[in-house]
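Residue-level listing of the chains:
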Amino acid sequence: MNNHSPITRINGEDADGVNAFDRGFYYGHGLFETTRLADGAIPLWPLHLRRLVSGAGRLGIPCDEILLEKYRENLLAQCPDDGIVKIVLTAGAGGRGYRAPDTVSSTYVFQWVPLPEYPLEWSVTGIPLFLCKHKLAIAPLLAGMKHLNRLEQVLARNEWGDEYPEGLLLDRRGFVVEGVSSNLFCYCDGEWLTPVLSDCGVAGVMREYLMSVLLPEFSYPVTESRFTLEKLVSAEEVFVCNSVIGIWPVVSLADRHHWPLGERVRFIQQHLKEVLPCYG
């Protein structure tokens, strides 16, 4: 068990709180990345960085990549063990009401916390999914980004207790979107499908890695698609993923629909472990 206390650095300095007038605190005007730290390095860091920089541009937040790398290296030098490194980038303090100031002075928050202790069987024997009642709003201007406004996920996660490791979110039209804290893949009709995220949802880094790197190596076709719950329950295999947990096979939905613990998911898990051992 890791008993080390969390470490927080803000704009390169040890700190435990942001400015009370920070736009990230006031309006959620910011983004974050939740990364896995293993053996002193962050797997998939280039993908995390690319997503953060892209989202910052969309939200009008300056992101100094040189400063970002400097703050990251400073934090990593202090980390006592493997764990989670969370990076928060906000539009800083200032501005009149919702309008941002003409010159934005970004806030950079880097934090290390111990790795959550998930039961081993979730990755080995699979997990059940809770079917959330909350439906995600259609918001194309925010879709894909990991912005700071996570109220929809907070509402969805409070629908159940500890009996389910993860929940499934649909949008208001009834299309499957993602897990509350993960992305979803399902195997149907000879190909892997993952939901389109152009209207809502978070385009996860592990999702991107699987789609663009790992699955193509083994000639697994992957299609971004809009599909309903009916299509999902007819799938042969299902899994969820993110950059902290890696891959969890999904074996049931709300105890009403069941999927086998398939060989395809096992194959992908094994090769992810070979390339990035921390996900083993």
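Since we're looking at a predicted model, the values are computed, not measured. (Residues numbered from 1 in each chain as written. Predicted model: local features only at pLDDT ≥ 70, side-chain atom pairs only at ≥ 80, totals over all residues. Heavy atoms only, no water.)

Student: I'd like to hear about the sheet that holds strand β4 (residues 83-90), residue by residue, with values.
Tutor: The sheet built from five strands is open, its strands ordered β2-β1-β5-β4-β3 with antiparallel pairing. At either margin of the open sheet sits one strand with a lone partner, and together these are β2 (13-14) and β3 (30-37). Pairing of β4 with strand β5 (residues 107-113) involves seven bridges; the strand directions are antiparallel. Looking across to β5, one finds that Val85 is bridged to Trp112. Packed on one face of the sheet, helix α2 (residues 45-59) meets β3 and β4 and runs near 175° to β3. Together, β1 (7-10), β3, β4 and β5 form the strand contacts of helix α3 (residues 65-76), whose direction differs from that of β5 by roughly 25°. (Pairing = 2+ DSSP bridges. Helix = DSSP H or I, 4+ residues; strand = E, 2+ residues; numbered from the N terminus. Contact = heavy atoms within 4.5 Å. Axes fitted to C-alpha atoms, helices over the stretch in contact; angles between N-to-C directions.)

Student: Please give an account of the environment of Leu129 that cites residues and values.
Tutor: Among the structural elements, Leu129 can be located in strand β6 (residues 127-136). Owing to a relative accessible area of 1%, Leu129 belongs among the buried residues under this scheme. Taking the C-alpha atoms as reference, Leu129 lies 36 Å from Leu68; in sequence the two are 61 residues apart. Filtering out sequence-adjacent residues up to four positions away, Leu129 remains in contact with Tyr164, Glu166, Gly167, Leu168, Leu184, Val240, Val250, Ser252, Leu253 and Ala254. (Buried < 20%, exposed > 50% of the residue type's maximum accessible area, 1.4 Å probe, protein only.)

Student: Describe in detail the pairing of β4, supporting the description with residues and values.
Tutor: Most of β4 is tucked away, with seven of its eight residues classed as buried. With eight bridges connecting them, β3 and β4 associate as antiparallel partners. Bridging from a neighbouring strand, Arg36 pairs with Ile84 of β4.

Student: Got a sec to walk through the pairing of strand β7 (residues 166-171)? Specific residues and values, please.
Tutor: Most of β7 sits out of view: six of its six residues are buried. A two-sided burial pattern is seen for β7, the buried positions comprising Glu166, Leu168 and Leu170 on one face and Gly167, Leu169 and Asp171 on the other. As paired strands, β6 and β7 are joined by five bridges and run parallel to one another. Considered in β7, the bridge of Leu131 is made with Leu168.

Student: Describe in detail a nonpolar patch on the surface, supporting the description with residues and values.
Tutor: The grouping of Val18, Phe21, Phe25, Tyr26, Tyr27 and Tyr98 at the surface amounts to a nonpolar patch, some 730 Å² of accessible area in total. Along the chain, the position of Tyr27 falls in helix α1 (residues 23-27). (Patch = residues over 30% accessible without salt bridge, like charges linked within 9 Å, V, L, I, M, F, W, Y side chains within 5 Å. Areas by Shrake-Rupley, 256 points an atom, 1.4 Å probe, with all protein chains shown as cover. Salt bridge = Lys/Arg side-chain N within 4 Å of Asp/Glu carboxyl O.)

Student: I'd love a proper account of the side chain of Glu166, names of residues and values included.
Tutor: For Glu166, the location among the structural elements is in strand β7. At 3.4 Å, the side chain of Glu166 forms a polar contact with the backbone nitrogen of Val180. With sequence-adjacent residues up to four places away left out, Glu166 is seen in contact with Ile127, Pro128, Leu129, Phe130, Trp160, Gly179, Val180, Ser181 and Ser182. (Polar contact = N/O pair within 3.5 Å; in protein donor to acceptor, adjacent residues only side chain to side chain.)

Student: Would you mind going over the environment of Leu44 in detail, with residue names and values included?
Tutor: By the secondary structure assignment, Leu44 is in the loop between β3 and α2. Overall, the relative accessible area of 11% leaves Leu44 in the buried class. Separated by 199 residues in the primary sequence, Leu44 and Ser243 have C-alpha atoms spaced 8.0 Å apart. If we ignore the near neighbours within four places in the chain, the residues touching Leu44 are Val205, Met206, Tyr209, Leu276 and Tyr279.

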